[in-house]
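Fold and geometry: a report
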Protein chains: 6
Amino acid sequence: MNPDRKTVIDRLCSQPEGFAPIVNQTSGRLPSVQRLGEIVKLIREVMFPDFFDDKAPGAQILRHITAVRLDTIYSELAAQIRRACRLMRASDIDEDEIAGRFIDALPSLREILLTDVDAMFVNDPAACDRAEVIFCYPAFTGMLHYRIAHALLEMGVPLLPRIITEMAHSKTGIDIHPGAVIGPYFSIDHGTGVVIGETCIIGHHVSIYQGVTLGAKNFVLDDNGQPLNIPRHPILEDHVTVYSNATILGRVTIGSHAIIGGNLWVTHDVPAYGRVLQRPPVNHRFSDGAGI
Amino acid sequence: MNPDRKTVIDRLCSQPEGFAPIVNQTSGRLPSVQRLGEIVKLIREVMFPDFFDDKAPGAQILRHITAVRLDTIYSELAAQIRRACRLMRASDIDEDEIAGRFIDALPSLREILLTDVDAMFVNDPAACDRAEVIFCYPAFTGMLHYRIAHALLEMGVPLLPRIITEMAHSKTGIDIHPGAVIGPYFSIDHGTGVVIGETCIIGHHVSIYQGVTLGAKNFVLDDNGQPLNIPRHPILEDHVTVYSNATILGRVTIGSHAIIGGNLWVTHDVPAYGRVLQRPPVNHRFSDGAGI
Amino acid sequence: MNPDRKTVIDRLCSQPEGFAPIVNQTSGRLPSVQRLGEIVKLIREVMFPDFFDDKAPGAQILRHITAVRLDTIYSELAAQIRRACRLMRASDIDEDEIAGRFIDALPSLREILLTDVDAMFVNDPAACDRAEVIFCYPAFTGMLHYRIAHALLEMGVPLLPRIITEMAHSKTGIDIHPGAVIGPYFSIDHGTGVVIGETCIIGHHVSIYQGVTLGAKNFVLDDNGQPLNIPRHPILEDHVTVYSNATILGRVTIGSHAIIGGNLWVTHDVPAYGRVLQRPPVNHRFSDGAGI
Amino acid sequence: MNPDRKTVIDRLCSQPEGFAPIVNQTSGRLPSVQRLGEIVKLIREVMFPDFFDDKAPGAQILRHITAVRLDTIYSELAAQIRRACRLMRASDIDEDEIAGRFIDALPSLREILLTDVDAMFVNDPAACDRAEVIFCYPAFTGMLHYRIAHALLEMGVPLLPRIITEMAHSKTGIDIHPGAVIGPYFSIDHGTGVVIGETCIIGHHVSIYQGVTLGAKNFVLDDNGQPLNIPRHPILEDHVTVYSNATILGRVTIGSHAIIGGNLWVTHDVPAYGRVLQRPPVNHRFSDGAGI
Amino acid sequence: MNPDRKTVIDRLCSQPEGFAPIVNQTSGRLPSVQRLGEIVKLIREVMFPDFFDDKAPGAQILRHITAVRLDTIYSELAAQIRRACRLMRASDIDEDEIAGRFIDALPSLREILLTDVDAMFVNDPAACDRAEVIFCYPAFTGMLHYRIAHALLEMGVPLLPRIITEMAHSKTGIDIHPGAVIGPYFSIDHGTGVVIGETCIIGHHVSIYQGVTLGAKNFVLDDNGQPLNIPRHPILEDHVTVYSNATILGRVTIGSHAIIGGNLWVTHDVPAYGRVLQRPPVNHRFSDGAGI
Amino acid sequence: MNPDRKTVIDRLCSQPEGFAPIVNQTSGRLPSVQRLGEIVKLIREVMFPDFFDDKAPGAQILRHITAVRLDTIYSELAAQIRRACRLMRASDIDEDEIAGRFIDALPSLREILLTDVDAMFVNDPAACDRAEVIFCYPAFTGMLHYRIAHALLEMGVPLLPRIITEMAHSKTGIDIHPGAVIGPYFSIDHGTGVVIGETCIIGHHVSIYQGVTLGAKNFVLDDNGQPLNIPRHPILEDHVTVYSNATILGRVTIGSHAIIGGNLWVTHDVPAYGRVLQRPPVNHRFSDGAGI
């Protein structure tokens with residue numbers, strides 16, 4: 001080993017100064033993003049077996065396959081919860097009990113997810129069949145991950161819910177914080193660039209388009225200058241529609257049946273049945289170069 | 001099995017009430033998203049063999065490799081078409097005939113795709129070589145998937161075209177409906193958040209940027225309150241340029257050589273050679289907190 | 001082989017007319033996107049071993065594992081640089097020397113990356129721990145790829161830096177050109193749709209949100225009508241904040257501590273401590289249909 | 001393609017003259033040795049789940065795992081039987097019915113196999129535990145394959161039984177023809193070189209050693225000079241022991257409790273309780289070279 | 001599930017009556033034959049890195065690779081020892097201590113193995129190079145497994161040594177019990193069918209050929225009718241040669257430099273420098289059929 | 001690293017004293033046994049495509065598949081020949097030319113191999129079809145490897161032929177030295193334990209059984225005490241039959257149509273049409289213990 005390479009190794013293998021532990025964690029194995037991905041895949045397969053399984057098993061054998069998959073979900077999830085709790089110092093959590101409750105919640109999770117499928121199908125003239133939504137709508141993936149992650153968060157699981165929604169974010173461009181509360185029959189069209197913040201509260205039959213941000217306007221800092229984690233994202237009441245690329249910021253309330261036009265920047269309440277729109281553009285000609 | 005786990009299995013393995021079939025499809029195997037992904041990969045390899053193949057086979061053996069790959073594309077595609085038709089009750093389609101026609105169309109598909117590569121190279125000062133476009137421009141991936149999917153849709157294949165463009169959407173953030181009609185020399189820069197709706201008609205030498213939506217403004221509902229699938233997306237004539245995050249909605253026409261500025265919300269026609277721009281922002285200072 | 005299939009093969013295996021070489025490259029093997037992906041994965045593992053490794057090796061064996069990984073990074077990277085140089089006709093580059101320098105730079109790359117992690121943690125009230133940032137923040141992935149790619153670009157490596165940042169773009173929707181110059185403590189929240197152009201210069205403690213474009217306004221064409229690759233993207237001084245979906249175009253300067261509001265289209269300088277905001281929307285009711 | 005390579009391909013792709021079909025079978029897909037290997041592996045796992053499964057599933061979930069495995073064995077085996085029947089022109093066989101009967105026979109197959117395990121344990125002073133026999137005695141593998149293959153042969157399945165015993169032959173050097181009839185409590189020690197011919201009949205509690213051949217002495221030819229497939233291998237009555245490398249040839253009967261010494265060539269009956277031994281060797285010195 | 005399939009599952013999932021535990025072991029996971037195979041492969045790689053490694057790492061990096069491999073061998077071996085001890089109720093064994101001692105013994109194991117390579121090379125006129133012996137002589141594989149297994153057995157490890165030698169038996173037809181004691185410079189030519197029993201003692205420079213059995217003649221039974229595990233296999237003194245297919249049985253001593261001819265059955269001592277040969281065959285003609 | 005582990009690494013990474021190079025070969029990469037195995041598998045697939053390929057491609061596409069496989073065989077084989085020549089200091093060999101000649105020889109190799117299949121079918125009353133021989137007769141595997149290896153040896157390739165026949169030895173227990181010369185229509189039944197030495201010469205229509213050794217009797221040593229590689233194995237003329245476990249040693253000639261009985265030790269010539277048989281055994285009873 002030449003001296004430099006040795007120095008490189010020394011530096012890479014040592015804890016960076018002035019920073020919380022990055023290497024040589026003493027807390028044992030960290031959660032595995034890969035394993036969590038496999039768990040979500042199994043959950044998808046038990047919920048929609050014919051869609052994400054190349055074989056179409058008969059009804060009878062499906063029960064056994066489902067039982068085996070549930071058992072794997074149970075034990076793998078418990079293991080990951082244990083790792084996450086150790087890392088986040090959440091020592092009072094019983095991972096087996098939570099994994100068991102999560103298994104019990106799966107049928108209800110599918111039920112609410114099917115309301116989302118229904119809403120996405122109804123809202124899109126281009127959709128030919130609910131199966132199409134399940135097969136290829138990114139918002140289906142986004143909501144599958146969100147609803148799993150939200151359930152886990154409500155059961156007190158640290159860290160993992162965020163990893164799970166981020167997987168969907170990576171695949172779909174839809175970034176829903178697991179802490180958001182979202183009612184049934186939620187639909188997102190296209191979805192890329194959607195951001196739904198941690199303290200959002202969304203009613204039923206709400207429909208949003210690509211690029212919509214439901215974000216925070218500003219942060220209240222604590223005495224250490226660290227932003228406080230308080231309610232700071234919008235409330236959307238039932239039957240609200242938000243068009244593409246609109247940005248709604250802060251703890252504002254968009255009343256039921258309101259419609260928010262695209263490319264807007266909204267930082268105030270909108271009453272029920274309200275409609276807001278961007279001002280019309282100016283027209284002019286450019287004198288310089290090939291572009292604008 | 002404890003009683004609860006049995007209930008979970010019962011519920012997961014039964015058809016959810018009041019919903020079109022989700023489990024225990026009687027229509028046999030459903031299309032496989034994974035297999036379709038492999039088919040698209042093979043198509044990419046026969047079109048651009050040196051780019052997506054770690055080996056660089058000599059010209060002579062390339063012919064044989066291409067023949068073998070075409071044969072696999074043919075049979076795998078026919079199988080997936082068959083599954084899709086069964087699911088969507090499109091029984092009058094001859095999958096072998098379509099798969100054969102698709103094979104025959106591959107050289108023309110590559111030709112038009114190369115016009116897109118050319119346009120992307122010419123439009124981007126940061127591009128050093130056409131090879132760079134093929135290697136790493138997301139819009140190349142987006143157009144590859146779109147042009148394959150559009151060809152299949154035109155041949156009458158249900159469902160699969162949508163799955164194929166959605167794969168590109170997931171990888172690139174570019175969401176082009178396979179029903180859109182797009183001329184040659186189409187370029188997209190960056191691409192994340194681009195949405196091109198089902199009934200768009202786009203001329204040649206059109207260029208758009210990230211975040212552009214070519215969408216529908218509102219839906220005409222049928223007697224059942226279901227949105228009608230009628231022309232409802234913009235027409236962009238030749239040489240139009242649309243800058244980032246602009247939203248153009250409804251069956252409007254953007255005339256040839258028009259330029260649409262970024263972050264706009266356009267719901268009306270723009271004449272040929274027209275230019276539209278957002279109104280200038282207000283400047284002011286905030287009094288509260290750390291943010292805006 | 002039926003005659004048509006033979007024609008298809010002939011066309012696919014021949015060089016398309018009037019186009020730079022697409023098939024049958026005489027320049028030998030092209031760079032492999034897959035191998036580059038594996039190299040980046042190894043780099044991530046040597047930098048953050050406990051996070052992306054399912055096992056948590058003890059401190060002593062970690063040194064050996066790191067040595068072996070560095071050796072693989074070194075030789076694989078040199079091989080890819082060689083392929084890229086041959087393709088781009090950059091014959092004066094010593095790939096072994098560069099790969100060696102890159103290895104030497106890894107500890108410093110981690111250091112600056114940790115400042116980004118720090119900034120992302122501090123700026124997000126929803127973050128519970130720096131580990132959460134490393135595990136699941138897309139901007140962590142985006143900056144990891146960017147900082148690797150930028151280092152390689154500075155060492156003169158062609159093509160590969162762009163492929164590397166595009167990998168992150170595909171996973172995260174964050175598109176940073178490797179040519180941009182970005183100071184420490186850079187944070188991006190959510191990130192989908194972010195575009196940072198080739199000639200951007202960004203100070204330290206800059207923070208941007210999803211959908212922000214730092215782009216070029218128009219191109220200066222050379223005598224062949226080809227856009228010139230000159231400084232054409234914004235300069236953001238220290239402590240600037242840019243909110244979601246804002247578009248800043250051209251070689252403008254955003255002064256230190258300035259705040260740019262969301263959904264804006266900015267093509268002019270903003271002074272230090274300046275704040276710009278979109279004009280308030282109009283409110284009105286629609287008379288037609290279900291939409292806006 | 002140079003002319004010679006073309007000739008090579010022509011010759012390899014054409015049916016060799018004067019020979020039964022070797023290439024371009026018109027009978028569709030042939031049986032797959034690899035798939036049969038996987039079927040046998042699954043059978044081993046349902047019979048001895050804790051031994052050949054890295055996990056040790058609890059009793060309850062084991063039932064479901066077993067159900068799923070049986071279902072796979074059933075359908076895969078039926079598919080292979082169908083292929084074998086087509087090749088061997090055995091068109092009157094109902095592969096589903098046979099696969100079902102085979103599943104039903106598995107518990108009994110395990111029972112008789114356990115008598116073999118018992119005999120091997122009792123006969124070997126070096127064995128510490130029955131588990132050791134199951135883990136690592138080649139004769140366990142040999143008998144597992146034989147008992148599966150024999151059951152299939154009795155149900156009328158062509159070709160596959162022979163492929164299945166040959167797999168064990170390859171792994172263990174024990175070559176038992178599936179047509180042989182072997183009683184319970186059969187043990188083989190070491191096993192390499194054991195050959196048990198097609199028409200052997202072997203009682204219970206028979207024990208043989210490595211290198212033992214129970215073969216045919218000579219063939220009766222039919223009118224075409226082809227050997228007739230008639231009873232031509234030995235009968236070993238209960239409690240017979242045959243020591244290593246003995247060769248017993250022809251339709252002779254070795255009476256119950258007889259012992260055949262090693263390295264013998266036996267072509268005649270041996271009475272019950274008989275013992276036969278090789279003549280003692282001569283002793284002498286060699287005059288030439290380093291060897292004998 | 002039809003009633004019969006349920007019965008099949010019931011029977012397969014229940015413990016067979018009158019038999020030591022076969023299913024539903026309460027002793028936790030059993031040893032994994034597959035993992036042991038991987039451990040032996042790693043041992044072979046640390047001992048002969050250039051031979052069984054497709055890359056030829058430089059001397060410096062080899063040290064790190066070796067360190068990583070040793071660490072894996074250590075932890076995997078300890079895990080398998082733990083499982084074996086639990087199954088065999090050998091609770092007083094410290095698996096970590098043994099795995100550590102085994103690591104320490106590896107250089108000496110390679111040294112003695114190289115004497116075997118040397119002997120095999122010297123004894124075979126067909127061998128061109130010692131490398132040929134390491135690459136492809138089955139006796140090299142046989143001795144590698146035996147010497148590993150013997151070392152583990154001497155350290156008190158139950159069950160695993162037998163599994164390890166049986167792997168070599170399966171690959172090579174050479175069956176050496178790990179309990180045998182074999183001196184350096186041992187060579188086996190061809191090897192198929194060789195059996196070396198548990199209590200054999202073999203000096204240095206002993207050479208044997210294919211099909212040689214060094215076995216037990218008869219068993220002394222204990223009061224339960226179970227064979228006693230006492231010294232019962234031959235002693236071969238230094239420089240003995242045994243030709244192919246000879247069988248030497250019982251606790252006899254073959255004196256130094258003795259030569260045993262092929263196809264013999266030897267159950268008595270042979271003095272030093274003795275030579276024994278089979279009696280010459282009779283010649284005659286057969287009157288019946290096509291065979292003998 | 002504790003001091004001992006460091007010592008272990010030191011010793012394992014250093015060249016053992018007094019021994020030809022074992023580690024840190026300066027001759028570059030050594031041949032890869034794994035790659036050679038893949039080459040043989042490809043050869044088997046081009047020769048018998050329907051047997052060892054799960055798909056049954058149509059005649060037309062088979063030509064392309066064969067061309068691609070031949071190309072892979074050619075380049076991979078040339079690479080392995082190059083490595084072998086470097087190791088064995090056989091610098092005057094043109095690996096590309098040899099690999100090309102080998103490809104040209106494949107059709108003839110298949111022809112002679114089919115004569116062996118024919119002989120094995122005709123000689124075995126238990127065989128139902130030539131396909132059965134190809135699917136599962138170990139002697140088919142043995143002869144496939146031998147005929148490939150012999151062809152390579154005749155072309156001057158060092159080392160690899162021996163590795164190739166040893167693969168078959170491992171799978172089948174049939175050990176044929178690639179130097180042996182074997183005529184067409186050669187059959188081996190069962191095969192375990194067969195050894196055919198380097199200088200054997202075997203005519204056509206020769207048939208041998210399991211356990212037959214055609215070996216060397218003694219070695220002539222050179223002045224260094226090293227055995228000379230001179231003709232030292234038997235000659236079997238046409239139509240000879242050798243029964244199981246017979247050992248024929250030295251440069252003796254077994255005349256045409258001779259039959260050698262089983263379990264014999266033959267070290268002298270046998271005339272044409274001669275028949276030799278073991279002396280009949282003695283019968284007696286044992287007085288001691290349970291065994292012989």
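Quick look at the structure, then. Here the structure is a predicted model, which means the values were calculated and not measured.

So, the overall build of chain A
- Secondary structure summary: chain A contains 7 helices and 15 strands in total.
- Buried residues in chain A amount to 65% of all 292 residues.
- For chain A, the computed accessible surface area is about 10100 Å², with 51% contributed by carbon and sulfur atoms.

Quick look at the sheet that holds strand S5 (residues 201-202) of chain A
All names here are of chain A.
- Spatially, the 4 strands line up as an open sheet ordered S2-S5-S8-S11, and their pairing is parallel. Whereas interior strands pair on both sides, the edge strands pair on one side only; in this sheet they are strand S2 (181-182) and strand S11 (253-254).
- Two elements, S2 and S5, share 2 bridges in a ladder whose sense is parallel. Its bridge partner lying in S5, Val181 is registered against Ile201.

A closer look at the packing of helix H3 (residues 59-87) of chain D against helix H4 (residues 95-123) of chain D
Residue and element names in this part refer to chain D.
- Running from amino to carboxyl end, H3 crosses H4 at an angle of 140°, the nearest separation of the two axes being 8 Å. With respect to each other, H3 and H4 are oriented oblique. Read as a crossing pair, H3 and H4 show a hand that is right-handed. Residue-level contacts link Leu70, Ile73, Tyr74, Leu77, Ala78, Ile81 and Arg82 of H3 to Glu95, Asp96, Ile98, Ala99, Gly100, Phe102, Ile103 and Leu106 of H4.

Remarks on the state of the cysteines
Residue and element names in this part refer to chain C.
- As enumerated under the stated definition, the model contains 0 disulfides over all chains in all.
- There is no disulfide at Cys128, and the cysteine sulfur nearest it, in Cys136, is 9.5 Å away.
- In this structure Cys128 comes out as exposed when scored by relative accessible area, which is 55%.

What about the sheet that holds strand S8 (residues 235-236) of chain B?
- Strand order across the open sheet formed by 4 strands is S2-S5-S8-S11 (chain B), with parallel pairing between neighbours. Strands with a single pairing partner mark the edges of an open sheet, and in this sheet they are strand S2 (181-182) and strand S11 (253-254) of chain B.

Quick notes on a nonpolar patch on the surface
Residue and element names in this part refer to chain B.
- Together, Val220, Leu228 and Ile230 make up an exposed nonpolar region whose accessible area comes to about 210 Å².
- Of note, Ile230 is situated in the loop between strand S7 (213-215) and S8.
- Assessed through its relative accessible area of 35%, Ile230 is described here as partly exposed.

Thoughts on the side chain of D:Arg110
- Assignment of secondary structure puts D:Arg110 in helix H4.
- One buried charged side chain, D:Arg110, makes no salt bridge at all; its nearest oppositely charged neighbour is D:Glu111, positioned 7.0 Å away.

Quick look at the side chain of D:Arg232
- By the element assignment, D:Arg232 lies in the loop between strand S7 (213-215) and strand S8 (235-236).
- At 3.1 Å, the side chain of D:Arg232 and the side chain of D:Glu198 are in polar contact.
- Aside from chain neighbours lying at most four places away, what touches D:Arg232 is D:Glu198, D:Thr199, D:Gly215, D:Ala216, D:Lys217, D:Gly250, D:Arg251, F:Pro125 and F:Ala126.

Observations concerning the interface of chain F and chain B
- The interface is formed by 6 residues belonging to chain F together with 6 residues belonging to chain B.
- Between chain F and chain B, roughly 620 Å² of surface is buried when both sides are summed, and carbon and sulfur atoms account for 75% of that area.
- Where chain F touches chain B, the interface holds 0 salt bridges.
- If you look at where chain F meets chain B, you find 1 residue pair in polar contact (both at pLDDT 80 or more).

Points about the relation of the copies chain F and chain B
- You can overlay chain F on chain B at an RMSD of 0.0 Å; the transform is a turn of 180° with a shift of 0.0 Å along its axis. Both copies are brought into coincidence by an operation consistent with a two-fold rotation axis. It is F:His64 whose C-alpha, among those of chain F, lies nearest the rotation axis, at 2.4 Å.
- Most of the interface of chain F is mirrored in chain B, where 100% of its interface residues are also at the interface.

What about the pattern of salt bridges?
- In this structure the tally under the stated criterion is 84 salt bridges over all chains.
- As a salt-bridge pair, D:Arg35 and D:Glu38 come within 3.9 Å of each other at their nearest N and O atoms. Of this pair, D:Arg35 and D:Glu38 both sit in helix H2 (residues 33-47), 3 residues apart, roughly one helical turn.
- Notably, a salt bridge pairs F:Glu198 with F:Arg232, separated by 3.1 Å at the nearest N-O pair. In this pair, F:Glu198 sits in the loop between strand S4 (195-196) and strand S5 (201-202) while F:Arg232 sits in the loop between strand S7 (213-215) and strand S8 (235-236), placing the two residues 34 residues apart along the sequence.
- Classification of F:Glu198 as buried rests on a relative accessible area of 16%.
- The class for F:Arg232 is buried, based on a relative accessible area of 6%.
- Residues joined by salt bridges that share partners form a network here, namely A:Lys6, A:Asp10 and C:Arg63.

Description of the environment of C:Ala258
Residues and elements named next belong to chain C.
- Checked against the element boundaries, Ala258 lands in the loop between strand S11 (253-254) and strand S12 (259-260).
- Judged by its relative accessible area of 0%, Ala258 falls in the buried class.
- Each C-alpha atom of the pair Ala258 and Pro234 lies 13 Å from the other, and the pair is 24 residues apart in sequence.
- In this structure, Ala258 is in contact with His239, Val240, Thr241, Val270, Pro271, Tyr273 and Gly274, ignoring residues within four places of it in sequence.

Thoughts on helix H6 (residues 138-154) of chain E
- Over its 17 residues, H6(E) runs 24 Å from end to end, which matches the ideal 24 Å to within 8%, given 1.5 Å per residue.
- Most of H6(E) is tucked away: 15 of the 17 residues are buried.

A look at the packing of aromatic side chains
- Overall, the coordinates contain 37 aromatic pairs over all chains when judged by the stated rule.
- Plain terms: the ring middles of C:Phe51 and C:Phe135 are 5.1 Å apart, the flat faces sit at 55° to each other, and that makes the pair tilted. Of this pair, C:Phe51 sits in the loop between helix H2 (33-47) and helix H3 (59-87) while C:Phe135 sits in helix H5 (residues 130-136), placing them 84 residues apart in sequence. Both residues of the pair, C:Phe51 and C:Phe135, count as buried.
- Three or more aromatic residues link up through ring pairs in this structure, and these residues are A:Phe48, A:Phe51, A:Phe52, A:Phe135 and A:Phe140.
- The ring of F:Tyr74 is capped by D:Arg5, whose NZ or CZ atom sits 5.4 Å from the centre of that ring.

Here is what the cut-offs are and how they apply
Here the residue numbers are simple positions, counted from 1 along each chain's written sequence. Chain labels run from A onward and ligand labels from 1 onward, assigned in the order the entries are written. Per-residue local features of the predicted model are confined to residues with pLDDT of at least 70, and side-chain atom pairs are confined, for both listing and counting, to 80 or more; whole-chain, interface and lining totals are unaffected and use all residues. Neither water nor hydrogens contribute to the side-chain values; these are computed over all heavy atoms in the structure. The helix count covers DSSP runs of H or I at least four residues long, the strand count covers runs of E at least two residues long, and both are numbered beginning at the N terminus. Exposure classes here rest on a 1.4 Å probe applied to the protein chains alone. A residue is buried below 20% of its type maximum, exposed above 50%, and partly exposed in between. Areas reported here follow the Shrake-Rupley algorithm with a probe of radius 1.4 Å; residue values treat only the protein chains shown as occluding. Here, a strand pair is defined by DSSP locating no fewer than two bridges between the strands. Here an angle of 0 to 180 degrees is reported between the N-to-C directions of two axes, which are lines fitted to C-alpha atoms, with helices fitted over the stretch in contact. Oblique is the label for every angle not falling under 35 degrees (roughly parallel), over 145 degrees (roughly antiparallel), or within 65 to 115 degrees (roughly perpendicular). What makes a crossing left-handed is the near helix being turned counterclockwise from the far one by less than a right angle; a clockwise turn instead makes it right-handed. For this analysis, residues touch if any pair of their heavy atoms sits within 4.5 Å. Two cysteine sulfurs form a disulfide in these notes if their separation is within 2.5 Å. Without a salt bridge and with relative accessible area above 30%, a residue can belong to a patch; like charges are then joined within 9 Å and nonpolar side chains (Val, Leu, Ile, Met, Phe, Trp, Tyr) within 5 Å. Within this document, salt bridges are pairs made up of a side-chain nitrogen of Lys or Arg and a carboxyl oxygen of Asp or Glu, the two lying within 4 Å of each other. Neither His nor the chain ends is counted toward charge; the positive residues are Lys and Arg and the negative residues Asp and Glu. Think of a polar contact as two N or O atoms within 3.5 Å of one another; within protein, one of them needs to be a possible hydrogen donor and the other a possible acceptor, and neighboring residues in sequence only count if both atoms come from side chains. Joining two parts hides part of their accessible area as seen by a 1.4 Å probe, and the buried area is that hidden amount summed over both. The fit set for superposing copies consists of C-alpha atoms from residues with pLDDT of at least 70 in both; the fit itself is least squares. Helices are assigned an expected span. That span is 1.5 Å times one less than the residue count. The criterion for an aromatic pair is that two Phe, Tyr or Trp rings (for Trp, the six-membered ring) have centres within 6.5 Å, with stacked assigned to planes under 30 degrees apart, edge-to-face to planes over 60 apart and tilted to the rest. Cation placement over rings: the criterion is NZ of Lys or CZ of Arg within 6 Å of the ring centroid and within 35° of the ring normal.

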